Amino acid sequence: MASQLSRLSKRTSIHSTSLAAYRLHAAALTSTSDTNTTSIKPSSGTSLPCCSLTTSTATLKSKPVGLQSVAKVSRGLTLQASKMSTMSASHGHNEACCNIPPVVSEGYVAKGSYHELGDYKTYVTGPADAEKGIIVIYDIFGYFDQTLQGADILATGKKSQRHKVFIPDWFKGKPCPIEWFPPDTEEKQKSVGGFFSDPEHAPQTVAAKLPEYFKAVQASNPSIKSWGILGYCWGGKVASLITSGDSNLFQIAAAVHPAMVDAAEAGGIKVPFILLASGEEPAETIKEFESKLKVPNHVETFADQVHGFMAARADLSNPRVKEEYTRGYQTVLDFFGKNWS
């Protein structure tokens, strides 16, 4: 295992060119704004839907954001030009509400607890005797109620599937502040650009650190014999980088409304892979990625959902979002159940 971890660490280091491009991409952000709307657009052409939002300015001037209040703030956020509809997502599935616990729209009480693992604060949820573990890479906003609820669903959402789930705090308590959105002032735009250009916030950096974290989590959870990874937004990029590496630590992977999708990585992915895209990810890029996968896979676009609909930006007070949030997690669990022995 030690040699395997070492090889993976070396493999992730070759992405320095990609990291440079990531930093250049963030530094080149341009913006346009009016009274209530700001759209930050990456000049390189790669989609960063998390940088294009609309909201009421008053929403963000309310109380400081905490785990319980943050869901209320996120309900004021919608992506620019995105409107909820009643259209069905592609690749129809059975209704999820009959299989996983009812999703809580507001005031969710997390079922897990926080522990220090591998020098990272980590949200841990799921049965103590679980034999399968999932490492979740959160989105840029860190610990949100919607993300924690998703982790709890992954842990015990289906009686036939028991997972122990871990969400490490890669940002060490300093995620991208929700108060920066929308980036409708020069100061906010500078702050957002600085966050994305910080090499510590690049997916390649997290991918390089993941093997050591994995080793610490595995040592403290010897009952877990098999591991999966799920990443939201830039975390989806981490999942793709790790599972396409020369050495791989995971037996299954999921990328949920992923950022920086690169079809060149798809052919190298060695484990069953599920990708759930929102309507904000570039359709042609997702299609090309799917076409190059050589492993059991499920690629689906939730066409009327915004980037972040299964994590921090899930407006669970909206019935349609709640429905697709629920179905999204059911789809992940179904895929894991069929392809993770």
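Residues numbered from 1 in each chain as written. Predicted model: local features only at pLDDT ≥ 70, side-chain atom pairs only at ≥ 80, totals over all residues. Heavy atoms only, no water.

Let's talk about the overall build of the protein
Then step 1. Within the protein, the secondary structure is distributed over ten helices and twelve strands.
Then step 2. Looking at the protein as a whole, 55% of its 341 residues qualify as buried.
Then step 3. Considering only residue pairs separated by 6 or more positions, the protein has 75% of its internal contacts joining residues 24 or more positions apart.
Then step 4. Accessible surface computed for the protein: about 14100 Å², of which carbon and sulfur atoms make up 53%. (Helix = DSSP H or I, 4+ residues; strand = E, 2+ residues; numbered from the N terminus. Buried < 20%, exposed > 50% of the residue type's maximum accessible area, 1.4 Å probe, protein only. Contact = heavy atoms within 4.5 Å. Areas by Shrake-Rupley, 256 points an atom, 1.4 Å probe, with all protein chains shown as cover.)

Quick look at the packing of aromatic side chains
Then step 1. Enumeration according to the criterion identifies 18 aromatic pairs in this entry.
Then step 2. Ring plane angle 75° and centroid distance 5.4 Å describe the contact between Phe171 and Phe195, whose orientation is recorded as edge-to-face. Of this pair, Phe171 sits in the loop between strand S8 (163-168) and helix H5 (186-197) while Phe195 is found in helix H5, placing the two residues 24 residues apart along the sequence.
Then step 3. Residue Phe195 is classed as buried on the basis of its relative accessible area of 6%.
Then step 4. Every member of this aromatic cluster is reached through a ring pair, and the members are Tyr114, Tyr123, Tyr138, Tyr143, Phe171, Phe195, Phe196 and Trp234.
Then step 5. Sitting above the plane of the Tyr114 ring, Lys121 keeps its charged end 4.5 Å from the centroid.
Then step 6. Between Lys172 and the ring centre of Tyr120, over which it is positioned, the NZ or CZ distance is 4.2 Å. (Phe/Tyr/Trp six-rings, centres within 6.5 Å; stacked < 30°, edge-to-face > 60°. Lys NZ or Arg CZ within 6 Å of the ring centre and 35° of its normal.)

Some remarks on the pattern of salt bridges
Then step 1. Enumeration over the complete set of coordinates arrives at twelve salt bridges.
Then step 2. The residue Asp334 makes a salt bridge to Lys158 at a minimum N-O spacing of 2.9 Å. Here Asp334, found in helix H10 (residues 319-339), pairs with Lys158, found in the loop between helix H4 (145-156) and S8; they are 176 residues apart in sequence, far enough to count as distant.
Then step 3. Given the relative accessible area of 18%, Lys158 is considered buried.
Then step 4. The salt bridge involving Lys215 is made with Glu212; its shortest N-O contact spans 3.1 Å. Highlighted residues: Lys215 and Glu212, both in helix H6 (residues 203-220), separated by three residues, approximately one helical turn.
Then step 5. Each member of the salt-bridge network shares a partner with another, and the members are Glu300, Asp304, Arg320, Glu323, Glu324 and Arg327. (Salt bridge = Lys/Arg side-chain N within 4 Å of Asp/Glu carboxyl O.)

What to know about unusual backbone geometry
It is generally the case that most residues other than glycine have a negative phi and that most peptide bonds are trans.
Then step 1. For Cys233, which is not glycine, the phi dihedral falls at a positive 55°.
Then step 2. Relative to the helices and strands, Cys233 resides in the loop between strand S9 (226-232) and helix H7 (234-243).
Then step 3. With phi around 55°, Met260 is a residue other than glycine that occupies positive phi space.
Then step 4. Tracing the backbone shows Met260 in the loop between strand S10 (252-256) and helix H8 (263-266).

A few points about the side chain of Thr147
Then step 1. In this fold, Thr147 is placed in helix H4.
Then step 2. Those residues in contact with Thr147 that sit more than four places away from it in its chain are Tyr138, Gly142, Ile167, Tyr232, Ala311 and Ala312.

Things to note about the packing of H6 against H7
Then step 1. Interhelical geometry of H6 versus H7 gives an angle of 50° and a closest axis separation of 9 Å. The angle between H6 and H7 places the two elements in the oblique class. H7 is crossed by H6, and the crossing has right-handed handedness. Across the interface between the two elements, Pro203, Gln204, Val206, Ala207 and Leu210 from H6 touch Trp234, Lys237, Val238, Leu241 and Ile242 from H7.
Then step 2. In terms of residue class, the contact of H6 with H7 is built from eight nonpolar, one polar and one charged. (Axes fitted to C-alpha atoms, helices over the stretch in contact; angles between N-to-C directions. Parallel < 35°, antiparallel > 145°, perpendicular 65-115°, else oblique. Left-handed = near helix turned anticlockwise from the far one by under 90°. Nonpolar A, V, L, I, M, F, W, Y, C, P; charged D, E, K, R; others polar.)

Describing the sheet that holds strand S6 (residues 120-125)
Then step 1. Read from one edge to the other, the open sheet built from eight strands follows the order S5-S6-S8-S7-S9-S10-S11-S12, with strand pairing classed as mixed. Two strands lie at the open edges of the sheet, namely strand S5 (113-117) and strand S12 (297-302), each paired on one side alone. With strand direction ignored, the average angle separating the axes of adjacent strands in the sheet is 20°.
Then step 2. Sheet topology note: the strand S7 (residues 132-137)/S9 ladder contains six bridges and is parallel. Across the sheet, residue Lys132 finds its bridge partner in S9, namely Ser226.
Then step 3. Contacts between H4 and the sheet are confined to S5, S6, S7, S8 and S9, with S8 contributing the most and set at about 155° to the helix. (Pairing = 2+ DSSP bridges.)

Some points on the nonpolar core
Then step 1. Formed by 83 residues in total, the largest nonpolar core has its most connected members in Leu154, Leu210, Tyr213, Leu230, Trp234, Phe250 and Phe336.
Then step 2. Those residues in contact with Tyr213, other than ones at most four positions away along the chain, are Leu117, Gly118, Tyr120, Thr122, Ile135, Phe166, Pro168 and Trp170. (Core = buried A, V, L, I, M, F, W, Y, C linked by side-chain atoms within 4.5 Å.)

What about the confidence of the model for the protein?
Then step 1. In the predicted model, the protein carries a mean pLDDT of 78, and 71% of its residues have values of at least 70.
Then step 2. Contacts of residues 2-49 to residues separated by more than four positions or lying in other chains number 87 contacts, the stretch itself having pLDDT below 50.
Then step 3. Note on residues 51-98: pLDDT under 50 across the span, and 112 contacts to partners over four residues away in sequence or across chains. (pLDDT = per-residue confidence, 0-100.)

What to know about the side chain of Lys188
Then step 1. Here Lys188 shows up in helix H5.
Then step 2. Apart from residues no more than four positions distant in its own chain, Lys188 is found in contact with Glu179, Trp180, Pro182 and Pro183.

With respect to the pairing of S9
Then step 1. Counting buried positions along S9 yields seven of seven residues, so the element is predominantly enclosed.
Then step 2. Of the two faces of S9, the one holding Ser226, Gly228, Leu230 and Tyr232 and the one holding Trp227, Ile229 and Gly231 are both buried throughout.
Then step 3. Judged from the five bridges that link them, S9 and S10 form a sheet pairing that is parallel. In the sheet register, Gly231 faces S10, and the bridge partner there is Ala255.
Then step 4. In this fold, the crossover linking S9 to S10 by way of H7 has right-handed handedness. (Right-handed = clockwise from strand over helix to strand, strands pointing away.)

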